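The primary structure of each chain is shown beneath.
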Amino acid sequence: MAARKFYQLSAAERLDVLREQGVLGGSEEYEAFARAQSHGILEPDVAGHLIENQISQYALPLGVVPGLRVNGREYTVPLVVEEASVVAAASNGARMTARAGIHAESEPHRVLGEVVFLSDDVSADYAQEVIVSRETFLFARAEEALPSMHARGGGLESLEVRATPDGRFTRILLTINPCDAMGANAVNTISEALRAVFEDWFGAQALVAILSNAGDDSVTTAEVELEPVDVAVRGMDPQALVERIALLSELSQSDYLRAVTHNKGIMNGISSAVLASGNDTRALEASVHAFAAHSGPYDGSYQPLSTWTVLDNGHLFGRIRLPLQVGIVGGAASSIPLAKAARAMGAYGSITEFKNVLAALGLVQNLSAIRALAGPGIQAGHMNLQMNALAIAAGASGGQIERIAAQLRALPASERTAARARELVAQDEQSENGD
Ligand SMILES: CC(C)(COP(=O)([O-])OP(=O)([O-])OC[C@H]1O[C@@H](n2cnc3c(N)ncnc32)[C@H](O)[C@@H]1OP(=O)([O-])[O-])[C@@H](O)C(=O)NCCC(=O)NCCSC(=O)C[C@@](C)(O)CC(=O)[O-]
Ligand SMILES: NC(=O)C1=CN([C@@H]2O[C@H](COP(=O)(O)OP(=O)(O)OC[C@H]3O[C@@H](n4cnc5c(N)ncnc54)[C@H](O)[C@@H]3O)[C@@H](O)[C@H]2O)C=CC1
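Identification of the protein chain as 3-hydroxy-3-methylglutaryl coenzyme A reductase from Alloscardovia macacae is taken from an unreviewed UniProt entry. The UniProt entry for the protein chain carries the following text under Pathway (unreviewed entry): "Metabolic intermediate metabolism; (R)-mevalonate degradation; (S)-3-hydroxy-3-methylglutaryl-CoA from (R)-mevalonate: step 1/1." Recorded in UniProt under Catalytic activity (unreviewed entry), the annotation for the protein chain is "(R)-mevalonate + 2 NAD(+) + CoA = (3S)-3-hydroxy-3-methylglutaryl-CoA + 2 NADH + 2 H(+)".

Now the structure itself:
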């Protein structure tokens, strides 16, 4: 019998192979992988069937942002993230915007598919002519490909032919309503079904039939108007603070280097909430950053996803606009129990509601970050919370974590190092042992 390939082995067998190859690290790493596999949250056979070449499981903390007020409702939003201060900052943002509340709205949830031919094989004009004359057949074929989506009121909504800007390719664009799902699989199924029809009619092979992660036609907007006192920082004039926040916002419009970091701050909250919900974070982020790269004054200028301005009445006005390729059904949530629980806890009654909450979360996350930057700086708040992670990395466990973190916080910033944390852990152990 032929030897089984790596991907045909069990998780335990794969671990053994990797140990023999010496690529696992040491026995400590082997133990860590093996323990997480048997004591992880997922049943080992579920984990082993979700991805390929699986050897272990990976856990991250799940936290919540309480009291995020969006469109008159209060949400408790679950986040999964490894970075200290993200949840605290989002909670801080929810607190600062609770009085005013955030208003959010989403354009209809749609995803684009594209079937692409070389324009030498199929000209845009010809494709257009054929599609217009046989539209009824194409819609019937799309319905046949995914009858359940059609029955829900979704499915193919429109067909449009657009050549690429350089004229080399003819794209047939399919606008699809995936109802409450993110829609990638739905769009791919319909696109491939129509590809076969087009190839038959045109007598040419399509280059590709796939969804586009560009979400420019399905954008969510969230806005908030705050009084300076809502964002006040001790020891600083609130009006001067909001003026500095607005200036920081202008900087991110002028300076690409700052825009990237500004958007990273926004995605701190959104990506973490999307991860918690069992949605595809790669699709989300590709879509968001592509939008940021061509939604500005000229195509190709990477822009901030949010802006903050001071209104004539002295209030601070914030607005965020971005596409959110997510779903409240489908994806990994049906197989990952905690993702399912996180979706249920978010209590998003519709896909629009989920997107509105995500955009609001991004806006308040951004507010906390730039308020800190415009005020005391980021390190004071962020590094305070980061001290727990430093203590854990230095080997602290149980009640020691809080003790060491408190000692680290009391040190000047320049002395809060890994080496110093290890020294403190060693001293703590000595005193615990009565040495
Ligand atoms: C860190 C804080 C919140 C401290 O904030 P603070 O004002 O020093 O602390 P506070 O004790 O006055 O707390 C204010 C509120 O923050 C929340 N809060 C406070 N502490 C906790 C905690 N332990 N757990 C949960 N929530 C917490 C909580 O809502 C609290 O209100 P309260 O409930 O007490 O009335 C503040 O300094 C802050 O918001 N900083 C921003 C931190 C941040 O953005 N971190 C992300 C990592 S940095 C990054 O990745 C991106 C960045 C910053 O570069 C993006 C950019 O450049 O734009
Ligand atoms: N480029 C990309 O972004 C790609 C992403 N993917 C993956 O595709 C998955 C997302 O695709 P989907 O089609 O959203 O998920 P999916 O394949 O899980 O489909 C959603 C399922 O939910 C059912 N459903 C039940 N109630 C529904 C309702 N009210 N509205 C809509 N559907 C309902 C649908 O019939 C369907 O079976 C993600 O796992 C993603 O990682 C796959 C290929 C490419």
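After presenting the structure, the write-up continues.
## Examining the side chain of Ser 106
Of note, Ser 106 is situated in strand 3 (residues 103–106). For Ser 106, the side chain forms a polar contact with the side chain of Thr 220, separated by 2.9 Å. Reaching out from Ser 106, the side chain makes a polar contact with the side chain of Asn 356 at a distance of 2.8 Å.

## Examining the packing of aromatic side chains
As enumerated under the stated definition, the model contains 8 aromatic pairs in all. Measuring from ring centre to ring centre gives 5.7 Å for Tyr 126 and Phe 202, while their planes differ by 55 degrees; the resulting arrangement is tilted. Here Phe 202 lies in helix 8 (residues 184–202) and Tyr 126 lies in helix 5 (residues 124–133), a separation of 76 residues in the sequence. Given a relative accessible area of 11%, Phe 202 falls into the buried group.

## With respect to the site of ligand 2
Taken together, the neighbourhood of ligand 2 is formed by 20 residues, with Gly 183, Asn 185, Asn 213, Asp 280 and Gly 331 sitting nearest. Within the side chain of Arg 152, an N or O atom sits 3.1 Å from an oxygen atom of ligand 2. In isolation ligand 2 has 870 Å² of accessible area, and contact with the protein removes 67% of it. For the shell around ligand 2, the elements supplying multiple residues, two or more each, are helix 7 (147–151) and helix 8. Examining the composition of the shell around ligand 2, we find that 4 residues originate from one element, helix 8, more than from any other. Across the shell around ligand 2, the residue classes tally to 10 nonpolar, 7 polar and 3 charged.

## Considering unusual backbone geometry
The phi dihedral of Asn 53 falls on the positive side, at around 55 degrees, and the residue is not glycine. Along the polypeptide, Asn 53 turns up in the loop between helix 3 (44–50) and strand 1 (62–70). The class for Asn 53 is partly exposed, based on a relative accessible area of 36%. Positive phi values are uncommon outside glycine, yet Ala 347 reaches one of about 55 degrees.

## Comments concerning the nonpolar core
For soluble globular proteins, nonpolar side chains are generally found buried alongside one another. Membership of the largest hydrophobic core comes to 55 residues, with the highest contact counts inside it found for Leu 68, Val 77 and Trp 308. The biggest single contributor to this core is helix 13 (residues 351–374), with 12 residues. Setting aside anything within four residues of it in sequence, one finds Trp 308 in contact with Val 224, Leu 226, Ile 245, Ala 246, Ser 249, Leu 316, Phe 317, Gly 318, Leu 363, Asn 366, Leu 367 and Ile 370. By size, the runner-up hydrophobic cluster in this structure holds 32 residues, among which are Ala 127, Met 149, Ala 184 and Val 197.

The rules behind each value
- The residue count restarts for each chain, going from 1 along the sequence in the order it is written.
- Here every chain gets a letter starting at A, and every ligand a number starting at 1, in the order they are written.
- Only residues with pLDDT of at least 70 get local features here, since the model is predicted, and only at 80 or more are side-chain atom pairs given and counted; chain-wide, interface and lining totals rely on the full set of residues.
- Excluded from the side-chain calculations are hydrogens and water; all other atoms, namely the structure's heavy atoms, are used.
- UniProt positions are given in the numbering used here, feature names are shortened, and annotations may be inferred rather than shown by experiment.
- Working definition: helices are DSSP H or I runs of at least four residues, strands are E runs of at least two. Numbering for both runs from the N terminus.
- Think of a polar contact as two N or O atoms within 3.5 Å of one another; within protein, one of them needs to be a possible hydrogen donor and the other a possible acceptor, and neighboring residues in sequence only count if both atoms come from side chains.
- Between rings of Phe, Tyr and Trp, where Trp is taken as its six-membered ring, a pair exists when centres lie within 6.5 Å; planes separated by under 30 degrees are stacked, by over 60 edge-to-face, and by other angles tilted.
- Exposure classes here rest on a 1.4 Å probe applied to the protein chains alone. A residue is buried below 20% of its type maximum, exposed above 50%, and partly exposed in between.
- One heavy atom within 4 Å of a molecule or strand is enough for the residue carrying it to be called near that molecule or strand.
- We get accessible surface area from the Shrake-Rupley algorithm with a probe of 1.4 Å; when it comes to residues, only the shown protein chains can shield them.
- Nonpolar residues are Ala, Val, Leu, Ile, Met, Phe, Trp, Tyr, Cys and Pro. Charged residues are Asp, Glu, Lys and Arg, and all others, Gly as well, are polar.
- Here, the term nonpolar core denotes a set of buried Ala, Val, Leu, Ile, Met, Phe, Trp, Tyr and Cys residues that are joined through side-chain atoms within 4.5 Å.
- Two residues form a contact once any of their heavy atoms are found within 4.5 Å.

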